[in-house]
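Inside the fold
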Amino acid sequence: MCIRDRYNAFEMFGLFRKYDINRNGYLELSEYAKCLKDSGIKLSDPELVTLGLFADTCGNNKIDYEEFNKHFPSLLKIVKMHQIFNDSIKPPEKEPEDDA
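Residues numbered from 1 in each chain as written. Predicted model: local features only at pLDDT ≥ 70, side-chain atom pairs only at ≥ 80, totals over all residues. Heavy atoms only, no water.

Remarks on the packing of aromatic side chains
Here a ring pair, both rings aromatic, is described through the centre-centre distance and the interplanar angle of the planes. Selection criterion: Classification of ring pairs uses Phe, Tyr and Trp, with its six-membered ring standing for Trp, and accepts pairs whose centres are within 6.5 Å; under 30 degrees between planes counts as stacked, over 60 as edge-to-face, and the remaining range as tilted. Think of it this way: any DSSP run of H or I at least four residues long counts as a helix, any run of E at least two long counts as a strand, and we number them from the N terminus. Classification of residues uses two cut-offs on accessible area relative to the type maximum, computed with a 1.4 Å probe and protein chains only: under 20% is buried, over 50% is exposed, and between them is partly exposed.
Tallied over the full model, the rule gives six aromatic pairs. Consider the rings of Tyr-32 and Phe-68, whose centres lie 6.2 Å apart with planes at 85°: the pair is edge-to-face. Taken together, the positions of Tyr-32 in helix α2 (residues 29-38) and Phe-68 in helix α4 (residues 65-88) put the pair 36 residues apart, joining distant regions of the chain. On the accessibility criterion, Phe-68 (0% relative accessible area) is buried.

Here's what the structure looks like:
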């Protein structure tokens, strides 16, 4: 899956609202983790929670729109660059051997 790393302001707000399941104006860490997973970020649940804690600059275990808007696009760019790097260092696949 290709990770999208650019969103305009309207898309960012729509994405935040989509994952604010309980409509309280915040993303709980589980909502943020789901947003990251659905965006193509392939990390373990503990890693996703760690990213949520990093984005939660207020330390209240919730991510408000300002925090989301500040951290989410940067995070996607970093993860996309990491994915491109990992893909570039993969060894080439071996061709099947002929049994002739």
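From this point on, the discussion continues.
Description of the nonpolar core
As a reminder, the rule being used: Each nonpolar core is a collection of buried residues, namely Ala, Val, Leu, Ile, Met, Phe, Trp, Tyr and Cys, held together in the definition by side-chain atoms within 4.5 Å. Residue contacts are defined here by distance: any two heavy atoms, one from each residue, within 4.5 Å place the two residues in contact.
The biggest cluster of nonpolar side chains holds 20 residues, and the ones touching the most others in it are Tyr-32, Leu-36, Phe-68 and Phe-72. Of all the secondary structure elements, the ones that give two or more residues to this core are α1 (9-19), α2, α3 (45-55) and α4. Aside from chain neighbours lying at most four places away, what touches Tyr-32 is Leu-27, Leu-51, Gly-52, Ala-55, Ile-63, Phe-68, His-71, Phe-72 and Leu-75.

Details of the pattern of salt bridges
This is how the line gets drawn: For this document, the term salt bridge refers to a Lys or Arg side-chain nitrogen within 4 Å of an Asp or Glu carboxyl oxygen.
With the rule as written, the count across this model stands at two salt bridges. Note that Asp-38 and Lys-34 form a salt bridge whose closest N and O atoms lie 3.0 Å from each other. Taken together, the residues Asp-38 and Lys-34, both in helix α2 and four residues apart, mark about one turn of the helix. Lys-34 gets classed as partly exposed once you look at its relative accessible area, which sits at 45%. Taking the shortest distance from any N to any O, the salt bridge between Lys-37 and Asp-45 comes out at 2.8 Å. We classify Lys-37 as partly exposed; its relative accessible area is 41%.

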